[in-house]
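So you can see what is in the structure, the chains are spelled out below.
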Amino acid sequence: LGSTVAINGDWAAVGSKTTNDEDQGVVLYHYAGGTWSQHSFLSASTLGYTDEGGFGTAIAIENGVLVIGAPGDDTRGQDAGAAYVYVFKSATDTWEQEGGTVTDPAGKAGDRFGTAVDVKFNNNNVYTVVGAPGDDTGSVSVYHFDGTQTWQGALKPSAAQSGDQFGMSVIIDDGGDVFVGTAGG
């Protein structure tokens, strides 16, 4: 418990991985009445997927939107990766997956899409960014969220070298600027 952590307002999301990769997921805590309490546990297996795929390796949360990275997901090839978006529904007091599994439109085996994720509200729009450091020199996909994820495009480094791992870390600021970290170059 605690391999990744994200917090926003009265919600905290904590990555959880057991030693045998079973029940890998994200534990959500809610702060109310002066106390943090476990609210729910989200995992790939609860969605009916048999491949945990590193579900919860990266997490980001803002204003009732939670993005979870799964860089080992095999939907588009071995370790191509995926991300999942959840929205908190106050009427039912539940976190529900929205828009299906998010994958890189050009994704391929080894991309590790979902290694890094972030989410940001900007002028009443929700944007998510997802890093894929295994995609040749690496890349970052930008999505607009309005109930479904609409791919806006991919960011690639201008002077890249093989193994740079562009997209190893990502963040989108309040103004909509995306900052990307590398691990290799």
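Refer to the preceding data block for the structure.
These numbers were taken from a predicted model, which means no experiment stands behind them. (Residues numbered from 1 in each chain as written. Predicted model: local features only at pLDDT ≥ 70, side-chain atom pairs only at ≥ 80, totals over all residues. Heavy atoms only, no water.)

Peer 1: How would you sum up the sheet that holds strand β8 (residues 94-102)? Please name residues and give values.
Peer 2: Within the open sheet, the four strands sit side by side as β5-β6-β7-β8. Their pairing is antiparallel. Every interior strand has two partners, whereas the edge strands, β5 (58-62) and β8, have only one. The mean angle between the axes of side-by-side strands here comes to 20°, regardless of whether they run parallel or antiparallel. Where strand β6 (residues 65-70) meets strand β7 (residues 82-89), six bridges bridge the pair, whose relative direction is antiparallel. Its bridge partner lying in β7, leucine 66 is registered against tyrosine 86. (Pairing = 2+ DSSP bridges. Helix = DSSP H or I, 4+ residues; strand = E, 2+ residues; numbered from the N terminus. Axes fitted to C-alpha atoms, helices over the stretch in contact; angles between N-to-C directions.)

Peer 1: Requested: an account of the packing of aromatic side chains, with residues and values cited.
Peer 2: For the structure on display, the rule yields six aromatic pairs. For the pair tryptophan 11 and tryptophan 95, a centre-to-centre distance of 5.1 Å together with 85° between the ring planes defines the contact as edge-to-face. Taken as a pair, tryptophan 11 in strand β2 (residues 11-16) and tryptophan 95 in strand β8 lie far apart in primary sequence, 84 residues in all. Accessibility classification places tryptophan 11 together with tryptophan 95 in one group, the buried group. (Phe/Tyr/Trp six-rings, centres within 6.5 Å; stacked < 30°, edge-to-face > 60°. Buried < 20%, exposed > 50% of the residue type's maximum accessible area, 1.4 Å probe, protein only.)

Peer 1: I'd like to hear about unusual backbone geometry, residue by residue, with values.
Peer 2: Residues other than glycine seldom take positive phi values, yet asparagine 63 does so here, at roughly 45°. On the secondary structure map, asparagine 63 appears in the loop between β5 and β6. Its identity is not glycine, yet aspartate 79 carries a phi of approximately 55°, on the positive side. Tracing the sequence through the fold places aspartate 79 in the loop between β6 and β7.

Peer 1: How would you sum up the pattern of salt bridges? Please name residues and give values.
Peer 2: Within the structure shown, the criterion is met by eight salt bridges. For lysine 120, the salt bridge goes to glutamate 62, with nearest N and O atoms at 3.1 Å. Here lysine 120, found in strand β9 (residues 116-122), pairs with glutamate 62, found in strand β5; they are 58 residues apart in sequence, far enough to count as distant. Exposure remark for glutamate 62: the relative accessible area of 12% places this residue in the buried category. Residue lysine 108 is joined to aspartate 136 by a salt bridge in which the shortest nitrogen-to-oxygen separation is 3.8 Å. (Salt bridge = Lys/Arg side-chain N within 4 Å of Asp/Glu carboxyl O.)

Peer 1: With reference to specific residues and values, describe a nonpolar patch on the surface.
Peer 2: Taken together, the side chains of Ile7, Tyr31 and Trp36 define a hydrophobic patch exposed on the protein surface, amounting to about 320 Å² of accessible area. As for its placement among the helices and strands, tyrosine 31 is situated in strand β3 (residues 25-32). (Patch = residues over 30% accessible without salt bridge, like charges linked within 9 Å, V, L, I, M, F, W, Y side chains within 5 Å. Areas by Shrake-Rupley, 256 points an atom, 1.4 Å probe, with all protein chains shown as cover.)

Peer 1: Describe the sheet that holds strand β1 (residues 5-8), and please don't skip the residues or the numbers.
Peer 2: Ordered by their spatial adjacency, four strands build an open sheet running β1-β2-β3-β4, and the pairing between neighbours is antiparallel. With one partner strand each, in any of the chains shown, β1 and β4 (35-43) form the two edges of the open sheet. Ignoring strand direction, the axes of neighbouring strands in this sheet form an average angle of 20°. As defined by bridge partners, β3 adjoins β4 across eight bridges and the pair is classed as antiparallel. Each residue of the ladder has a partner; that of histidine 30, found in β4, is serine 37.

Peer 1: I'd love a proper account of the pairing of β5, names of residues and values included.
Peer 2: With five of its five residues buried, β5 lies for the most part within the structure. Bridge count between β5 and β6: five bridges; the pairing is antiparallel. Among the inter-strand pairings, isoleucine 59 is bridged to a residue of β6, identified as isoleucine 68. Turn length for the β5-β6 hairpin, with the two strands adjacent in sequence and antiparallel, is two residues, and the turn residue asparagine 63 shows positive phi of about 45°.

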